[in-house]
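# Examination of the molecular architecture
Each chain, written out:
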Amino acid sequence: MRSHWNNIHTFFFIPTTGTHSGCSDACTVYKRSTLPVFKAHGMAQASISDCVTETFSAIRTVRSFGGEKRQMFSFASQVLSFQSSGIKLASFKSANESLTRVAVYISLTALYVLGGSKVKAGELSVGTMASFIGYTFTLTFAVQGLVNTFGDLRGTLAAVERINSVLSGAPVDDALAYGLERELKQKTMDDESYKLVLSNISTENNQKNYLHYMSALKTSSNLCNLAWSGDICLEDVYFSYPLRPDVEILNGLNLRLKCGTVTALVGPSGAGKSTVVQLLSRFYEPTRGCITVAGEDVRTFDKSEWAQVVSIVNQEPVLFSVSVGENIAYGLPDEDVSKEDVIKAAKAANAHDFIISLPQGYDTLVGERGGLLSGGQRQRIAIAQALLKNAPILILDEVLLFV
Ligand SMILES: Nc1ncnc2c1ncn2[C@@H]1O[C@H](COP(=O)(O)OP(=O)(O)O)[C@@H](O)[C@H]1O
Ligand SMILES: [Mg+2]
């Protein structure tokens, strides 16, 4: 009996082992050809949601310029490209499924023919043959499941690649590394401990870890005290936006913002006032030059720590679709802010009077992105939010635009 099993195994597995290298080549080709298809389909899906988000977030602009038709066309073309990438993907999937089925049915036919002839020749009993067929069916389902899972895995890999590419675009570590590396290079090397540390940061990974460690050290030295007591300086700052690296917006800007005073930046539209605000808020880092607080390069502080010492009221503040009071309390998002503090901040921002005239006062909902309020009202709420935060650095970007 054992020899019969061996015979069957032999005819069943010989083709598999014989074509092993062929299979692995086919797998590589399959992998290379399907990944772009999965990727393109994922990108097409993302473009649809980008188009919808963009349209609805700029719905006022769309309505005021009568751009509905254009947005609908743009949406339709995204849907069509999603459809065509979907069809391509489905073709790949069905070709994959068909090939698997053909391979399975050829194996089954071979099993029936060869097994049948062995039963006929008396080398194999019918029972053994039947149990082997049952075993083969189970194996077939397992292989098919595996192939489908393999297909899904391709989609997952494409998605993971996309997520990684988005995450690796975050400039936080680069900026931090840049600032600290420069600072370290500039230091005189007489301190033995410096030399020791620098000799240990030769590999890129070590360097990154070390820079994070340095950041933690700087963070623990009280940034808040520095910001309350020292001047903010922009020293020979050059800056281009990452999406337009060839256009230099700031070209060697030197500016001192004296502690305890109000500094106004005045200039025509497009001069770069909001860009300075973006740099001070550290949404971007200077291409060259640096920003210092009480003489310390701001890049040596953690960005989240820096956010604690800066309050910004943007040119066009966007509110959350919660109540007026909750929006103001968002100035201190991690704290349980009392109603008295909210009212105090609203009064200081000259917002209290209009808030109490709203239908539900501080509990009035402001609508999607604050759309139920006027531009001036939104700005006053944003000012109240910033005042509640009570940060040492208060930045107002064209706040009188709507007021
Ligand atoms: N995200 C951006 N990407 C590329 N260029 C930008 C970006 N934001 C602003 N700019 C350009 O930078 C210049 C300065 O803009 P901005 O600082 O907003 O001027 P201001 O606030 O003084 O009116 C403008 O020419 C503008 O086109
Ligand atoms: Mg501006």
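Residue numbers here run from 1 along each chain, matching the order of that chain's written sequence. Throughout, the order in which chains and ligands are written sets their labels, letters from A for the former and numbers from 1 for the latter. It should be noted that, the model being predicted, local features are given only for residues of pLDDT at least 70 and side-chain atom pairs only at 80 or more, the latter also being counted only at that level, while totals for whole chains, interfaces and linings use all residues. Side-chain numbers here rest on the full set of heavy atoms in the structure, without hydrogens or water.

With that out of the way, let us pick up the pattern of salt bridges. Should their charged atoms come close, side chains of opposite charge can pair. By salt bridge we mean one thing: a side-chain nitrogen of Lys or Arg within 4 Å of a carboxyl oxygen of Asp or Glu. The full count for this structure, using the stated rule, is seven salt bridges. A salt bridge links glutamate 97 to arginine 101, with the nearest nitrogen and oxygen atoms 3.4 Å apart. Here arginine 101 and glutamate 97 lie together in helix H4 (residues 68-120), a separation of four residues that amounts to about one turn. Each residue gets one of three labels from its accessible area relative to the maximum for its type: buried under 20%, exposed over 50%, partly exposed in between, using a 1.4 Å probe on protein chains only. Its relative accessible area of 28% is what places glutamate 97 among the partly exposed residues. Counting from the N terminus, the helices are DSSP H or I runs at least four residues long and the strands are E runs at least two residues long.

Multiplying 1.5 Å by the helix residue count minus one yields the expected span of that helix. Compared with the 78 Å implied by 1.5 Å per residue over 53 residues, the 76 Å span of H4 between its first and last C-alpha is a close match. Here H4 has its buried residues at Ser85, Leu89, Asn96, Thr100, Val104, Leu108, Leu111 and Gly115. Of the residues one or two after H4, glycine 122 is the one with positive phi, at around 80°.

Glancing now at the sheet that holds strand S4 (residues 296-297). What makes two strands pair is DSSP finding at least two bridges between them. Pairing within the open sheet is antiparallel, and its four strands lie in the order S2-S1-S3-S4. Each having just a single partner strand, strand S2 (250-257) and S4 make up the two edges of the open sheet. Bridging between strand S1 (residues 232-239) and S2 involves six bridges; their strand directions are antiparallel. Residue pairing for S2: cysteine 233 is matched across the bridge by arginine 256.

Here we come to the nonpolar core. Across soluble globular proteins, nonpolar side chains show a tendency to be buried alongside one another. Throughout this description, the term nonpolar core refers to a set of buried Ala, Val, Leu, Ile, Met, Phe, Trp, Tyr and Cys residues connected via side-chain atoms within 4.5 Å. Counting 23 residues, the largest nonpolar core has Val324, Ile328, Ile355 and Ile381 as its most contacted members. Those elements that provide at least two residues to this core are helix H12 (324-329), helix H13 (339-348), helix H14 (352-356) and helix H15 (375-389). Any pair of residues with heavy atoms lying within 4.5 Å of one another is described as a contacting pair. If we skip the residues at most four places from it in the chain, isoleucine 355 touches Val324, Ile328, Ala346, Gly361 and Tyr362. Formed by 22 residues, the second largest nonpolar core is a distinct cluster that contains Phe239, Val293, Val298 and Ile395.

Below, the discussion takes up the site of ligand 1. Every residue close to ligand 1 is listed here: Tyr241, Arg244, Ile249, Pro268, Ser269, Gly270, Ala271, Gly272, Lys273, Ser274, Thr275 and Tyr284. The side chain of serine 274 places a nitrogen or oxygen atom 2.7 Å from an oxygen atom of ligand 1. In protein, a polar contact requires one atom able to donate a hydrogen and another able to accept it; more generally it is a pair of N or O atoms within 3.5 Å, and residues adjacent in sequence count only if both atoms are side-chain atoms. At 2.5 Å from an oxygen atom of ligand 1 is found a side-chain nitrogen or oxygen belonging to threonine 275. Methods summary: accessible areas were calculated by the Shrake-Rupley approach with a probe of 1.4 Å, and residue burial reflects only the protein chains presented. Relative to its free-state accessible area of 560 Å², ligand 1 is covered by the protein chains to the extent of 69%. In the shell around ligand 1, the residues fall into five nonpolar, five polar and two charged. Any residue with a heavy atom lying within 4 Å of a molecule or strand is counted as near it. Amino acid classes used here: Ala, Val, Leu, Ile, Met, Phe, Trp, Tyr, Cys and Pro are nonpolar; Asp, Glu, Lys and Arg are charged; the rest, including Gly, are polar.

Most of strand S3 (residues 288-293) sits out of view: five of its six residues are buried. Examined bridge by bridge, S1 and S3 share five bridges and lie antiparallel to one another. Bridging across to S3, leucine 234 finds its partner in isoleucine 291. Inspection of the sheet shows S3 paired to S4 by two bridges, in the antiparallel sense. Following the sheet pairing, valine 293 is matched in S4 by glutamate 296. In this antiparallel pair of consecutive strands, S3 and S4, the connection spans two residues, and alanine 294 shows a positive phi of 50°.

The next thing to look at is the packing of aromatic side chains. Only the six-membered ring of Trp is used, alongside the rings of Phe and Tyr, when aromatic pairs are assigned; centres must lie within 6.5 Å, and planes under 30 degrees apart are stacked while those over 60 apart are edge-to-face, with the rest tilted. Applying the stated criterion to the full structure yields four aromatic pairs. Note on phenylalanine 239 and tyrosine 241: the rings are 4.9 Å apart at their centroids and 75° apart in plane angle, and the pair reads as edge-to-face. Looking at phenylalanine 239, the relative accessible area reads 2%, which means it is buried. Here tyrosine 241 falls in the partly exposed class, since its relative accessible area comes to 22%. Aromatic ring contacts, followed pair by pair, group Phe239, Tyr241 and Tyr284 into a single cluster. Counted as over-ring charges are cases with an Arg CZ or a Lys NZ within 6 Å of the ring centre that also lie within 35 degrees of the ring normal. A cation over an aromatic ring shows up here: arginine 288 above the ring of tyrosine 238, its NZ or CZ 4.1 Å from the ring centre.

So, about unusual backbone geometry. A positive phi angle, near 50°, is found at aspartate 236, a position not held by glycine. Mapped onto the fold, aspartate 236 is located in strand S1. For aspartate 236, a relative accessible area of 38% translates into the label partly exposed. Located in the positive-phi region is asparagine 390, a residue other than glycine, with phi close to 50°. Position of asparagine 390 among the secondary structure elements: in the loop between H15 and strand S6 (393-396). Residue classification places asparagine 390 among the exposed residues on the basis of a relative accessible area of 54%.

We now examine the packing of H4 against helix H5 (residues 126-167). Packing of H4 against H5 brings their axes to within 11 Å, and their N-to-C directions diverge by 170°. Judged on the interaxial angle alone, H5 and H4 are roughly antiparallel. Both H4 and H5 take part in a crossing whose hand is right-handed. Side by side, H4 and H5 meet where Lys93, Asn96, Glu97, Thr100, Arg101, Val104, Leu108, Leu111, Tyr112, Gly115, Gly116 and Val119 of the first sit next to Val126, Met129, Phe132, Ile133, Thr136, Phe137, Thr140, Gln144, Val147, Asn148 and Asp152 of the second. Here the contact of H4 with H5 is built from residues that sort into eleven nonpolar, eight polar and four charged. The convention used is that axes are lines fitted to C-alpha atoms, helices contributing only their stretch in contact, and that angles between N-to-C directions extend from 0 to 180 degrees. Here is the rule for angles: anything less than 35 degrees is roughly parallel, anything more than 145 is roughly antiparallel, 65 through 115 is roughly perpendicular, and the remaining ranges are oblique. Crossings are sorted by hand: turned counterclockwise from the far helix by less than a right angle, the near helix makes the crossing left-handed, and turned clockwise it makes it right-handed.

Take it as geometry only, folks, not as evidence of what the structure does.
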